[in-house]
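Structural characterization, general
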Amino acid sequence: MEKTSTDALPLTMNSSEKQETVCIFGTGDFGRSLGLRMLQCGYSIVFGSRNPRRSSLLPSGAEVLSYSEAAQKSDIIIATIHREHYDFLTELTEVLKGKILVDVSNNLKINQYPESNAEHLAQLVPGAHVVKAFNTISAWALQSGVLDASRQVFVCGNDSKAKQRVMDIARALGLTPLDKGSLMAANEIENYPLQLFPMWKAPFYLSAVLCVFFFFYCVIREVIYPYVNGKQDSTFRMAISIPNRVFPITALTLLALVYLPGVIAAILQLYRGTKYRRFPDWLDHWMLCRKQLGLIALGFAFLHVLYTLVIPIRYYVRWTSTNRTINQITAKKENPFSTTTAWLNDSFIALGILGFFLFVLLGITSLPSVSNMVNWREFRFVQSKLGYLTLILCTAHTLVYGGKRFLSASVLRWYLPSAYVIALIIPCTLLVIKFILILPCIDKTLTRIRQGWERNPKFSDSALNGKTDI
Ligand SMILES: Cc1cc2nc3c(=O)[nH]c(=O)nc-3n(C[C@H](O)[C@H](O)[C@H](O)COP(=O)(O)OP(=O)(O)OC[C@H]3O[C@@H](n4cnc5c(N)ncnc54)[C@H](O)[C@@H]3O)c2cc1C
Ligand SMILES: NC(=O)C1=CN([C@@H]2O[C@H](COP(=O)(O)OP(=O)(O)OC[C@H]3O[C@@H](n4cnc5c(N)ncnc54)[C@H](OP(=O)(O)O)[C@@H]3O)[C@@H](O)[C@H]2O)C=CC1
Ligand code: HEM
Ligand SMILES: [Fe+3]
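Residues numbered from 1 in each chain as written. Chains lettered and ligands numbered in written order. Predicted model: local features only at pLDDT ≥ 70, side-chain atom pairs only at ≥ 80, totals over all residues. Heavy atoms only, no water.

Looking up the chain in an unreviewed UniProt entry gives the name Metalloreductase STEAP4, with the organism given as Camelus ferus. For the record of the chain, the UniProt heading Sequence similarities (unreviewed entry) holds the text "Belongs to the STEAP family." Quoted verbatim from the Subcellular location (unreviewed entry) field of UniProt, the annotation for the chain is "Endosome membrane". (UniProt positions renumbered as here; feature names shortened; annotations may be inferred.)

What about the environment of Trp 319?
By secondary structure assignment, the location of Trp 319 is in helix H13 (residues 315-330). You can call Trp 319 partly exposed: its relative accessible area is 44%. For the pair Trp 319 and Ile 449, spaced 130 residues apart in sequence, the C-alpha separation works out to 61 Å. (Helix = DSSP H or I, 4+ residues; strand = E, 2+ residues; numbered from the N terminus. Buried < 20%, exposed > 50% of the residue type's maximum accessible area, 1.4 Å probe, protein only.)

A short note on the coordination of the iron ion (ligand 4)
Here the iron ion (ligand 4) is held by His 285 (NE2) and Cys 289 (SG), and the distances to it run 2.2 to 2.3 Å. For His 285, a relative accessible area of 40% gives the class partly exposed. Judged by relative accessible area, Cys 289 falls into the buried class, the value being 4%. (Donors = N, O, S within 2.8 Å, 3.2 Å for Na, K, Ca; no water.)

Re the site of ligand 2
Thr 27, Phe 30, Ser 49, Tyr 67 and Asn 106 are the nearest of the 20 residues found near ligand 2. A distance of 2.5 Å separates an oxygen atom of ligand 2 from a polar side-chain atom of Thr 27. With respect to ligand 2, the backbone of Ile 81 contributes an N or O atom lying 2.8 Å from an oxygen atom. Considered on its own, ligand 2 offers 890 Å² of accessible surface; in the complex 78% of this is hidden by protein. Among the residues making up the shell around ligand 2, the classes are represented as seven nonpolar, eleven polar and two charged. (Near = heavy atom within 4 Å. Polar contact = N/O pair within 3.5 Å; in protein donor to acceptor, adjacent residues only side chain to side chain. Areas by Shrake-Rupley, 256 points an atom, 1.4 Å probe, with all protein chains shown as cover. Nonpolar A, V, L, I, M, F, W, Y, C, P; charged D, E, K, R; others polar.)

A look at the pattern of salt bridges
According to the stated counting rule, one finds 14 salt bridges in the structure shown. Close ionic contact of Glu 20 with Arg 165 constitutes a salt bridge, the shortest N to O distance being 2.2 Å. Taken together, the residues Glu 20 in the loop between helix H1 (15-18) and strand S1 (21-25) and Arg 165 in helix H7 (residues 160-172) connect sequence positions 145 residues apart. Neither residue differs from the other here; Glu 20 and Arg 165 are each classed as buried. The closest approach of N and O atoms between Asp 75 and Arg 165, which form a salt bridge, is 3.3 Å. Residue Asp 75 is located in the loop between helix H3 (67-72) and strand S4 (76-79), and its partner Arg 165 is located in helix H7; the two are separated by 90 residues in the primary sequence. According to the relative accessible area criterion, Asp 75 is buried, its value standing at 9%. Each of Glu 20, Asp 75 and Arg 165 takes part in a single network of salt bridges with overlapping partners. (Salt bridge = Lys/Arg side-chain N within 4 Å of Asp/Glu carboxyl O.)

In C-alpha cells form, the structure reads like this:
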C-alpha cells in the first residue's frame, strides 16, 4: 500500500522517491496553500473538488478531479474541508478504506462539539486511518513561507504507520511534527489554536478591575468632591492627573501580587510542616501567572513614567506655578527654601527612578533570549532578590511621595484617604511578612521543609501526591 518507506527522512529522499502523490480534498484557502507548498517540496498533488474545473487560483501542476476520482489516485488524503461539510465523505467510505485520511480542521470555539472533529471523521469513515495534523499552521503562513512563528505541527492518530507518514510529510514541508499519541488527543490539539493568551487572561482582567476601581475612586475624590463642595470644575483631571495616579497604583499593586503567592506558599508550607502536599488550585494558578502579572505591571509603570515626563509642559501646572509666584509678589510674601522638602522630593523621585530601572531589568531577563543565557541561580537572583528590591524601592517611592501628608486627616475627602494610601496596604503587608519569614529561625525551618524535611512524616502521604513546590 505504501510507496515510500515510513521512516525515510525527507532530507535523505531522492527526488524520484519524493514524487509521492498526495490527494487534497477541497480547493479552499488552506487546500490551495498546502497544495502549492507540497508541490514546491516535490510531491505530486491531486485535488478533490465538488466542481473539478481548473481555476487560475489553483497551483499549476496539480490535477483536479471529483472527490471519489481523486481519492483513488492516492492512499493519503488530506481533507481541507470544514467539519460542517464532512457528511458527504460517508459516501466515499469504500474508496477511503485502508487509506490515510488527514483531518486539518479547526472550530470557531473551544469544545464546540462533544467529540473532536478528527474522532467525528473517524466515525463517519470507519475504514480509514484518521490522523489529526496541520491545524496549527495557517494558510497564510504556508503561502508566504513565514513559518518561524509556529512550525509546530501536533500529530495524533490510532495507526502509528499512518501517523509516521503524515509526520514525514510535515518534515518535508519544513515543519516540526510532534507526536501527541492516539486520536484521543485530537480534542486538545483542536483547542490549542483557539486559545487566546490563556496565561494572560486573569492578570489582564485583574489589572482592568484595578484600573476601573482606582479611576472611579479618584474621580470621586478629585472631581465630584470639589464640584459638590465648591462648584469647581475639575473634570480636566481625568486626562492626566488621575491616570497618573491609577497607572502607578495598578503597577505597584500588581508588582506586590507577583510576590504575594510566594509568601502565601511559604506560610502554607510552614503551617503544614511539609512541602509534599499540593497547593490549592487558585494558588497554583496564581504562581503560574506571575510572569504575566509582572510584565503587565511593568507596562503600567512605563505609562506612569511617560505621564510623569509631561508634567512640566502641562498648562494646569504652568498656570498654578506662575500664579503662585505672582501671588507671592503681590502679597509680598516670602517662600523660604525648605531643605526638608527638597530632600523628600528628590528622594522620592530618585527611589522611583531606581525602582523603574530594576523593573526594566526584570522585564529584560524574562525575554527568552536573555533568560536562556543565564543559569537557574542567576535567573532566581534577578527575579526573586532584585524583584523584592524593586518592590521595596517602588513602595518607598510611594511612601516618601506621601511624606508628611501621609494619613493626615486633612487629606480625607468624605472619609476617603488618598488612593496611594490604599495602594500601599498590600505591598507594605507583604514586605512585613516577608521580613518575618527571612528571620533566621523561621527561614531555617522553611529551608529544611523545602529540602524535604517533614514535621510529621508518619501522617503525610508524602511524595505520592506528586506536587512538590513552586
Ligand atoms: C517585569 C517582571 C518580569 C517577570 N518575568 C518572569 C519570568 O520571565 N519568569 C518567571 O518565572 N517569573 C517572572 N516574573 C515573576 C517573578 O519575578 C518570579 O516569579 C519570582 O521568582 C518570584 O519570586 P519569589 O521570591 O516570590 O519566588 P518563589 O518561587 O516564591 O520563591 C521564594 C523563595 O523560596 C525559595 N524556594 C522556592 N521554591 C523552593 C524549593 N522548591 N526549594 C528550595 N527553595 C525554594 C526561593 O529560593 C526563594 O528565595 C516577572 C516579574 C516581573 C515584575
Ligand atoms: N485557512 C486556514 O488558515 C486554516 C484552515 N484550517 C482548516 O482547513 C479547513 C479548510 O479551511 P479553508 O480552506 O480556510 O476553508 P474554505 O472555505 O476556503 O474551503 C473549504 C473547502 O471545502 C470544500 N467543500 C466540500 N464540501 C463543501 C460544502 N458542502 N460546502 C462548502 N465547501 C465544501 C470546498 O472545496 P470545493 O469547492 O473544491 O469542493 C471549499 O473550498 C477547515 O476545516 C479549517 O478549519 C486549518 C488551519 C488553518
Ligand atoms: C522614572 C521613574 C519614576 C518617576 C520619575 C516617578 C515620579 C513620580 C511622580 C512625579 C509622582 C507624583 C505624581 C503626581 O504628583 O501626581 C509619582 C507618584 C507615584 N509613583 Fe512614581 N515615578 C517613577 C516610577 C515609579 C514606579 C516604578 C512605581 C511603582 C510601580 C511608581 C509608583 C508611584 C505611585 C504609586 C505614585 C503615587 C500616585 C498618586 O496617588 O499620585 N513610580 N511618581
Ligand atoms: Fe492565569
